[in-house]
Each structure stands twice: as C-alpha cells, then as structure tokens.
Amino acid sequence: MWASFGFEFVNFYLIPGLVLGCIYALGAIGITLTFGILRFANFAHGEVMMTGAYLTWTISTLAGLWLGWSLHPLIAAVPAIFAAIGILILIDRYFYKPFRNAPTIMVVMASFGMMLVVRSTVQFIWGPNQLTFVKGIDKPNEAVRQFTADLDLMILVPNKHFWIMAGTVIIMLCFTYLLERTRIGKAMRAVSDSPDLARVTGIDVEAVVRATWVVGGFCAVAAGVFLAMDIQFLETTMGFRMLLPMFAAAILGGIGRPFGAVFGGLIIGLAEELSAYPWIGDAPLISPGYKTGVAFTIMIIMLIVRPSGLFKGRTF
Amino acid sequence: MSDPQPILELRNLYAGYGETEILHDINMFVGSHEVVAIIGPNGAGKSTAIKAILGLLNIRGGEILLDSTPITNTPPEVAVTKGISYVPQTHNVFVNLTVQENLEMGAWTMRAGIEERIEKMYALFPDLRDKRRQAAGSLSGGQRQMVAMAKALMVDSKVLLLDEPTAGLSPKYRGEIFETIQKINATGVPIFIVEQNAKQALGIADRGYVLVDGSNRFTGTGAELLADREVARMFLGGRD
C-alpha cells in the first residue's frame, strides 16, 4: 500500500501541496486584513512578496561579498522584513492615505497602479532577468527520512520545505497571539468588524491601519522568501503569479477572516498540487499546466455558491 | 424646579447631511444628573441632533457646548476623549469580539484602571459577567444593548448619548433597558436619550423635548409633556 501508493502521493503531492498552501496562507492573511480594515482589494500585495524576496537576496549577497558570511535566507529575511514594512508605511502615508475616504473602486485601481510602480522599480534596480536565490539541489531532511524509514514510511521532506512549514507554523502562532491577546490585535478585529463604531468608540483607526501594514507586510515578505526558497530563483512576476490563488484563498476563507485565509490558503495549495495526481489511470488528473485554473475554479464556485466564504466573511 | 447646571448644550443649532439641512435653530440642554429625552415622529431629526453633537455631520450655524466649552465640529474620536459617550442605534457592538473585548475597546482612550472599570460595569450589568467570554454577536438584542452601554461607559463619561436604545426590543427588554438607564443615571451620569417609545421615555425623563420637522415644538418636564393633550394626541397614541 505505502510502496505502491503512499510514497509517491505523500512525498510528491501532499507535502508540496502543504508547502504551497503555507505560502498562499501567509500571503492571503495580508490580503484579507487589507480588505477587512482598509476595505480594498490590494493588487500590489504580490509585489510586497516579490520585493521582500529581492531585498533578502540582496542582503545575503552583500553579506557574502563584504563580510564573507553565507547567511541563510531566513536570517537575511529579518532585515528585509523591516525594510519592506518601512516602505509600506511610507507608501500608505503618501499614497493610500489621501484615498482613505474615497470609493473602494478608486483605491483598488490605485493599488493596481502601485503594483506596476513597485514592479517597474524592482526591474529598474535588479534588472528584468531571473536571479538565482539558492544554488543546488536541496536534500531531504535526513532525520525525518531515518525516523519515518524505521516506521516503514519513507517521508522525504527537503530541508527547504521543512523550514517553510516550521516557519509558517511559528508565524501563525505569533499572529494568533497578536489578534486574540494584544490590545492592537483586538482593535484590528474591531475595526474590521465596524470602522464607524471603532471611530465613535475612540479607537485610533490610523494606528490600526499602520498595524495592518506591519502584520500584512511581515507575512507577505515571509511568503515571498518562502516562495523563493522553494523555487530557488527570483523573477519580478513571482508575486503577481501568486495573486490569484491568494485572492481565491481569502475568498474561500471569508473576506476579513484571517484564520479563514490560512485555511483557504492550505486548501488551495493542496487542491492545486493534488489535481495533478493520477487519480484515474496513469496520467495526471489535470495537467500541471492548469494548476492556476484550479484556484480560479474554486474561487468562481465559491463566489456563486457561498460568497461569504467558509467562515462567514464580508460580502459586497 | 430650578434649571440645573447645563453639562451639554445645543445653542441655535443648524445642521444636516451634505446640502440638506435637517435641524433648524435647535436649542436644548442636559443638566448635571438629568435624564433628558428627545421625542418626536420619524424623520423629525431626533437622531440627527445626537449625531451633530458627535461631529458626524455638517453644522451650519450655532454651537454645541460641553461644560460651557465649545465642541462644535469635534470629530467623534476626539469627542470620546472629552467625555461624550455614545451608543448608536444599530451596529453598536463589535459582533466578532467577546463581551469583555468590547469593554476593553470601549476603554481604548483610557490608560489605566481598565480592570476596575470592567469590574464596575459587571456590577452595573450583572448579566454580562457570565457572558464575558461570548461573542457579542451571539447575544440577544437586549443583552447587546447592555454591552453597548457598558462599552460606552468605559470612559470618564460626562454625558451618555443613547440613540433609540429600545428600538426593535420586546416589551420585557424595553422595561429592563429603561431601568438600567435609571441605574446609570443614579451613578451620576447625565443621559440624553432619543426615543420612539415616547411614553416610557418621558416616564423616566426629568425633562423632554419634542422635535417636529427639525425644530423645537414642545419643551417641558417629563410629567408635563405626558400630561399635555396635544403631545399625547400627536405622539403618545392617547385618545383623550
């Protein structure tokens, strides 16, 4: 059973699906928070992921050139996160703030423009060609292989996948603590619930907006770095390609529902990978080239059948 | 009865939404320790008067004084810090937050003593203590009103503004809300209340204002207005 079915299914479909799901989940958190608190669909969110990955690459490359250090991408990601959040706060202050009371569609269009501005800037600085993020083939984690081989279940988790999943779990725990236990996290949920009531309650909505960019930006850069670790190269459209599945994840979980977005992200990631498994016969059920179509289909079905998502989010 | 010291005063107020003027030359005040009711038919501008105090709409003329200091056109988030507590008619609790979290949010502008305040609110609204871990959205209409009032009272309130607190509630809950309002007032907080249920509101009010078409029509003590034949004929559904 394991040899004929499980080995291939778990190692080549389930684990990559979970990894992709983690990346979508982290990205979808920012999308759903921006939607809930700032009330617009942020098209530039994928570019935050991409820029974060480029900054991480730059920091680890410079550390190698100047100091002779070889930094793990997860370490180089820390200063990159601070830099990306700083940029986001500045963009909010000078670009989105004048739109605060504008109709939603204007802000959505503005974010589309910001997406082009960010991508063009990255292309201008780093060039339009692909960059190598991590060299070589990543070996499966030996401890996991040994441990599971003794149980007659050989599970091969590449180290990069191990880090991506562990990192996502840690970020989720911190995120849950922030939303459920801290003053600013509760205020974020309050503003997402009703901005008008938050205002007459005296909540500092601008502070909540800044917190939203910080949290959304943090998760987006983490998602971008995880994506770059997974595919091992960088390109300027890498964030944009994630945008549709991340929106699908946010809608699946219910707009404005951060935990719904995490759940939706995992479902979309798994669905995309598992759709290529040879469920019937020997050929993939759906050719891997149509993976993105799977997310799109789920999104369309969800919008028709249950637009409020699985966790009763907002509908427009 | 001699006029009490006004805490909140609307003087020759003209206000409205955008281009439309709804309130024309309104004069009202709430004295310390008073319950003051605004009654009147639908569309008379009752809620508008309260929203004007909070700076939620355009004020074209006149002024609003809190403790004799002008607060005309103060934005709502600042009005809260000055001691104006407001409970909107609908959407007045954060439905996805627990009762306790709603109270914590009510105390956003307070720096210290939040725990004691929450305890005070549970003493004033004992039903809420058992429900403190429940989402406010899961409570009944009457209990939500209690949460909304407790949340508004988490600051050092100089005056509590209530916009139709009994709208859509069953008679049993209506009675409870009016009792609670008297209890809150007994703790020393003046209350300005807009009500559809004119009879019950005037029954607990020290004074009342009747608004018709955005203007003052009648003014008097609660008892005087209840006894007034014209007021009774117009708003109280009386037949005598």
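Every chain's residues receive numbers from 1 upward, in the order its sequence appears when written. All chains are assigned letters beginning at A, and all ligands numbers beginning at 1, according to the order in which they are written. Totals for whole chains, interfaces and linings use every residue, but because this is a predicted model, local features are given only for residues with pLDDT of at least 70 and side-chain atom pairs only at 80 or more, for both listing and counting.

Student: In this structure, what is going on with the overall build of chain A? I would like to understand it.
Tutor: Scanning chain A from terminus to terminus reveals twelve helices and two strands. The N-to-C order of helical and strand elements in chain A reads α-α-α-α-β-α-α-α-α-α-β-α-α-α. Within these notes, the globule rule equals 2.2 Å times the number of residues to the 0.38 power, and the radius of gyration is based on C-alpha atoms. Here chain A has a C-alpha radius of gyration of 20 Å; the compact-globule value for 316 residues is 20 Å, and the two agree. Dimensions of chain A, computed from C-alpha atoms along their principal axes, come out at roughly 60 × 55 × 35 Å. Taken across its 316 residues, chain A has 45% of its residues classed as buried. In DSSP terms, a helix is any run of H or I states spanning at least four residues, a strand is any run of E spanning at least two, and both are numbered starting from the N terminus. Any residue whose C-beta has 12 or fewer other C-beta atoms within 10 Å is treated as exposed, any with 20 or more as buried, and any in between as partly exposed, C-beta atoms being built from the backbone.

Student: What should I look at first to understand the sheet that holds strand 8 (residues 191–194) of chain B in this one?
Tutor: Residue and element names in this part refer to chain B. Note on pairing: two strands pair once DSSP finds at least 2 bridges between them. Read across the open sheet, the six strands follow the order 6-7-8-3-9-10; overall the sheet is mixed. At either end of the open sheet lies a strand with only one pairing partner, and these are strand 6 (84–87) and strand 10 (215–221). When the angles between neighbouring strand axes are averaged without regard to direction, this sheet yields 15°. In terms of strand pairing, strand 7 (residues 159–163) meets strand 8 through four bridges, oriented parallel. Opposite L160, over in strand 8, you have I191 as the bridge partner. Any pair of residues counts as being in contact when their C-beta atoms, constructed from backbone geometry, are within 7 Å of one another. Between N-to-C directions, angles cover 0 to 180 degrees, with each direction set by a line fitted to C-alpha atoms, over the stretch in contact for helices. Sheet contacts for helix 1 (residues 46–53): strand 3 (35–39), strand 6, strand 7, strand 8 and strand 9 (207–212); angle to strand 7, the most-contacted strand, approximately 145°. Against the sheet, helix 6 (residues 141–152) touches strand 6 and strand 7, its axis set at about 165° to strand 6.

Student: I keep staring at the sheet that holds strand 1 (residues 6–17) of chain B and nothing clicks. Help me out?
Tutor: Two strands in a sheet stick together by hydrogen bonds in their backbones, pointing the same way (parallel) or opposite ways (antiparallel). Residue and element names in this part refer to chain B. Read from one edge to the other, the open sheet built from four strands follows the order 2-1-4-5, with strand pairing classed as antiparallel. The open sheet is flanked by strand 2 (20–31) and strand 5 (69–70), the only strands paired with a single partner. As paired strands, strand 4 (residues 58–66) and strand 5 are joined by two bridges and run antiparallel to one another. Bridged to L65 within strand 5 is P70.

Student: Quick question: what am I supposed to make of the environment of T32(A) here?
Tutor: Residue and element names in this part refer to chain A. Residue position: T32 is located in helix 1 (residues 2–38). Each C-alpha atom of the pair T32 and D230 lies 24 Å from the other, and the pair is 198 residues apart in sequence. Look past the residues within four positions of T32 in its chain and what remains in contact with it is A250, G253, I255, G256, R257, P258 and A261.

Student: Even after reading the chapter, I still don't get the nonpolar core, so can you show me in this structure?
Tutor: Among soluble globular proteins, nonpolar side chains are generally buried collectively. In this usage, the nonpolar core is the set of buried Ala, Val, Leu, Ile, Met, Phe, Trp, Tyr and Cys residues whose C-beta atoms join them within 7 Å. Counting 162 residues, the largest nonpolar core has A25(A), A53(A), V221(A), A222(A), A249(A), A250(A) and L161(B) as the members making the most contacts within it. Looking at this core, the element that brings in the most residues is helix 9 (residues 205–231) of chain A, giving 16 residues. As used throughout, domain bounds are those supplied by an automatic or database domain assignment. Taken domain by domain, the makeup of this core includes at least three residues from each of domain 1 (6–83 + 157–236) and domain 2 (93–154) of chain B. Excluding residues within four positions of it along the chain, A25(A) makes contact with T168(A), A249(A), A261(A), V262(A), G265(A) and L266(A).

Student: Mind showing me how you'd approach the pairing of strand 8 of chain B here?
Tutor: Two faces belong to every sheet, and in a regular strand the side chains alternate between them. Residue and element names in this part refer to chain B. Burial of the side chains of strand 8 extends over both faces: I191 and I193 are buried on one face and F192 and V194 on the other. In this structure, strand 3 lies alongside strand 8, joined through four bridges in parallel fashion. Note that in strand 8 the partner of V36 across the bridge is F192. Once the chain exits strand 7 it traverses helix 7 (residues 171–186) before rejoining the sheet at strand 8, and the crossover so formed is right-handed. Consider the strands pointing away from the viewer: the crossover is right-handed when the path from the first strand over the helix to the second runs clockwise.

Student: Just checking my understanding: could you explain the confidence of the model for chain B for this structure?
Tutor: Atom-level detail of predicted coordinates should not be read off regions where pLDDT is low. Residue and element names in this part refer to chain B. Per residue, pLDDT measures the predictor's confidence, with a range of 0 to 100. Counting all residues, the mean pLDDT for chain B is 90, and 96% of those residues have values of 70 or more. The weakest mean pLDDT in chain B belongs to helix 10 (residues 229–236) at 75; the strongest belongs to helix 3 (residues 99–106) at 97. The ipTM value of the predicted complex is 0.91, and its pTM value is 0.91.

Student: I would appreciate a short explanation of the domain arrangement of chain B in the present structure.
Tutor: It is common to report an interface's size as the accessible area lost on association of the parts. Residues and elements named next belong to chain B. By the assigned domains, chain B splits into domain 1 (6–83 + 157–236) and domain 2 (93–154). Averaged C-alpha coordinates put domain 1 and domain 2 at centres separated by 24 Å. When contributions to the side of domain 1 that touches domain 2 are tallied by element, the ones reaching two or more residues are helix 2 (76–81) and helix 7. For the side of domain 1 that touches domain 2, the element with the most residues is helix 7, which contributes six residues.

Student: Just to check I follow, could you spell out helix 3 of chain B for this structure?
Tutor: In an α-helix, one turn spans 3.6 residues, which is why side chains three or four residues apart end up on the same side. In terms of burial, helix 3 of chain B is a largely internal element, eight of the eight residues being buried. Listed as buried for helix 3 of chain B are V99(B), Q100(B), E101(B), N102(B), L103(B), E104(B), M105(B) and G106(B). Where helix 3 of chain B is buried, its residues contact helix 7 (183–193) and helix 8 (195–201) of chain A together with helix 4 (114–124), helix 5 (126–130) and helix 6 of chain B.

Student: What am I meant to see in the pairing of strand 1 of chain B here?
Tutor: Residues and elements named next belong to chain B. When strand 1 meets strand 2, the two strands line up antiparallel, connected through eight bridges. Note that in strand 2 the partner of A15 across the bridge is L23. Counting the residues in the hairpin turn of strand 1 and strand 2 gives two residues, including G18, whose phi is positive at 50°. Pairing geometry for strand 1 and strand 4, over seven bridges, is antiparallel. When the sheet's bridge partners are listed, G16 is paired in strand 4 with N58.

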